[in-house]
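So you can see what is in the structure, the chains are spelled out below.
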Amino acid sequence: MQIFGVDIGGSGIKGAPVDLDRGDLSEERRKVLTPQPATPDRVADGVREVVEHFGWTGPVGLTFPGVVTDGATVRTAANVDPGWVDTDARALFGERLGGMPVTVVNDADAAGVAEMHFGAGKGRHGTVILLTFGTGIGSAVFTDGVLVPNTELGHLELHGHDAEKKASSKAKEDHDLSWEHWAHRVGKYLAHVEMLFSPELFIIGGGVSRKAHKFLPHIDGIRAEIVPAELQNNAGIVGAAMHAAGH
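Residues numbered from 1 in each chain as written. Predicted model: local features only at pLDDT ≥ 70, side-chain atom pairs only at ≥ 80, totals over all residues. Heavy atoms only, no water.

*Asks:* When you look at the overall build of the chain in this model, what are you seeing that I'm missing?
*Replies:* In terms of regular secondary structure, the chain is built from eight helices and 15 strands. For 247 residues, the compact-globule estimate of 2.2 N^0.38 gives 18 Å, and the chain sits close to it at 17 Å. The buried share among the 247 residues of the chain stands at 57%. Contacts in the chain between residues at least 24 apart in sequence constitute 63% of all its contacts with a sequence separation of at least 6. (Helix = DSSP H or I, 4+ residues; strand = E, 2+ residues; numbered from the N terminus. Rg over C-alpha atoms; globule rule 2.2 N^0.38 Å. Buried < 20%, exposed > 50% of the residue type's maximum accessible area, 1.4 Å probe, protein only. Contact = heavy atoms within 4.5 Å.)

Here it is as C-alpha cells:
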C-alpha cells in the first residue's frame, strides 16, 4: 500500500510516495526550499510543487512544524510565519491539491510514530522520547507505545532561554559551534528533559541523525539510552503517510 507523505520544515518541504508495508520511501524524495516568509499560501504552493512532481493523485499526509489540533487547525508557528496560527491547514492543503484527501499532523509526532513502528523505538516499552533537531527542536513522547500528541519540549526554558534557541541544529550553525560544543548544549537539554520525564530511551531525529557519531559520544551523564533515528530525516515523511492511512 502506498500513501504520499510530505514533511514541512522550517528550511525545506520534502515528500515522496511511501510504501507502508516496508516503512520506507518507494521513490527518491523531492525537496523544495521552504519559502521565506513561510506564509500559508506560499507553503501550500511548495507542497503542491512536491506532490505534482510525482503526478500523484490520492491521499496525502502532511506534517507541520507546530501544534495541530483535530488534524486540521494550526495552534503554534514558532519557525514559520505567524499567519499560520488558527489556519485550517487541512482545508488549505486540500484545496491547493485539487480536493485530494489530506491529513495534517505535528512533524515530530509523525517522525515519532514512524520510529516507534519501523525504527529505533520498535518493540520498546516504558517512556520513549523522540527529539528532532533542525530549525527548532520537535518532540514526541510515548508511553508504552502510545503517543502523547503535540508536546512542545523544544520550548522548555533552559538557563533563561527557549531550549531550541540554544540546542537546535540551526543554533549550531548560527553560532558556528563545533560538534563537541553543540553536544555539550544538547546534553544539558537532555538532562533537563530527563529530570522531568525519566524516559528509558531518547531517539535523536532530524538531519543531524545522519551524523550521530560526531556528537553522541560527547554526551554523557544521561541515564536513558540515546540512539539516532533509524529512518533518519525520512521519518517525518513516513509518519505523515502512516497518519493519512489511519495508523
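*Asks:* Before we go on, may I ask you to explain the pairing of strand E9 (residues 127-133) in this structure?
*Replies:* Each regular strand shows side chains that alternate between the opposite faces of the sheet. Counting buried residues along E9, seven of its seven residues qualify, which places the element largely inside the surrounding structure. Covered by surrounding structure in E9 are Thr127, Ile129, Leu131 and Phe133 together with Val128, Leu130 and Thr132, the residues of both alternating faces. In this antiparallel pair of consecutive strands, E9 and strand E10 (residues 137-143), the connection spans three residues. Of the pairings in the sheet, the one linking E9 to strand E14 (residues 201-205) comprises five bridges and is parallel in character. Among the inter-strand pairings, isoleucine 129 is bridged to a residue of E14, identified as phenylalanine 202. (Pairing = 2+ DSSP bridges.)

*Asks:* What should I look at first to understand the pattern of salt bridges in this one?
*Replies:* Oppositely charged side chains can pair when the atoms bearing their charge come close. Applying the stated criterion across every chain yields a total of ten salt bridges. We note a salt bridge from glutamate 225 to arginine 124, for which the minimum N-O separation is 3.0 Å. Pair noted here: glutamate 225 is in strand E15 (residues 225-228) and arginine 124 is in the loop between helix H3 (107-118) and E9, with a separation of 101 residues, a long-range link. Under the relative-accessibility criterion, glutamate 225 is labelled partly exposed at 38%. You can call arginine 124 partly exposed: its relative accessible area is 28%. Between lysine 170 and aspartate 174 there is a salt bridge whose closest N-O contact spans 2.8 Å. Separated by four residues within a single helix, lysine 170 and aspartate 174 lie in helix H5 (residues 169-174), roughly one turn from each other. Taken together, the shared-partner salt bridges connect Asp41, Asp45, Arg48, Glu95 and Arg96 into one network. (Salt bridge = Lys/Arg side-chain N within 4 Å of Asp/Glu carboxyl O.)

*Asks:* Would you take a moment to explain the packing of helix H1 (residues 40-53) against helix H2 (residues 89-96) for this structure?
*Replies:* If you want to describe how two helices pack, look at the angle between their axes and the distance between the axes. Orientation of H1 relative to H2, taken along the N-to-C sense of each, is 50°, at an axis distance of 9 Å. Relative to H2, the element H1 is oriented oblique. Where H1 crosses over H2, the handedness of that crossing is right-handed. Of the residues in H2, those touching H1 at Pro40, Asp41, Val43, Ala44, Asp45, Val47 and Arg48 are Leu92, Phe93 and Arg96. In the contact of H1 with H2, the residues fall into six nonpolar, no polar and four charged. (Axes fitted to C-alpha atoms, helices over the stretch in contact; angles between N-to-C directions. Parallel < 35°, antiparallel > 145°, perpendicular 65-115°, else oblique. Left-handed = near helix turned anticlockwise from the far one by under 90°. Nonpolar A, V, L, I, M, F, W, Y, C, P; charged D, E, K, R; others polar.)

*Asks:* So what exactly am I meant to see when it comes to the side chain of threonine 151 here?
*Replies:* Within the fold, threonine 151 resides in the loop between strand E11 (146-148) and strand E12 (157-158). In this structure threonine 151 comes out as buried when scored by relative accessible area, which is 14%. Looking at threonine 151, its side chain comes within polar contact range of the side chain of serine 139, at 3.0 Å. Excluding anything up to four places from it in sequence, threonine 151 contacts Ser139, Ala140 and Val141. (Polar contact = N/O pair within 3.5 Å; in protein donor to acceptor, adjacent residues only side chain to side chain.)

*Asks:* Teacher, can you tell me more about the packing of H3 against helix H8 (residues 235-244) here?
*Replies:* It is the contact of H3 with H8, at a shortest axis distance of 7 Å, that shows an interaxial angle of 90°. On the basis of their axis angle, the class for H3 and H8 is roughly perpendicular. Within the contact between the two elements, H3 uses Ala110, Ala111, Val113, Ala114, Glu115, His117 and Phe118 and H8 uses Ala235, Gly236, Val238, Gly239, Ala240 and Met242.

*Asks:* Would you take a moment to explain the nonpolar core for this structure?
*Replies:* In summary, soluble globular proteins display a tendency toward joint burial of nonpolar side chains. Val6, Val47, Val51, Val60, Leu62, Trp84 and Phe93 are the most contacted members of the largest nonpolar core, which has 52 residues in total. Once you skip the residues sitting within four places of it in the chain, leucine 62 turns out to touch Val6, Ile8, Val47, Phe93, Val102, Thr103, Val104, Val105 and Ala240. Within the second largest apolar cluster, 26 residues are counted, among which are Phe133, Val141, Ala163 and Ile219. (Core = buried A, V, L, I, M, F, W, Y, C linked by side-chain atoms within 4.5 Å.)

*Asks:* Whenever I open this one, the pairing of E14 confuses me. Can you help?
*Replies:* Within E14, five of the five residues are buried, which leaves it mostly tucked inside the rest of the structure. Side chains Leu201, Ile203 and Gly205 of E14 all project onto a buried face; the interleaved residues Phe202 and Ile204 project onto the opposite face, where all are buried too. Sheet topology places E14 next to E15; four bridges connect them, and they run parallel. Following the sheet pairing, phenylalanine 202 is matched in E15 by isoleucine 226.

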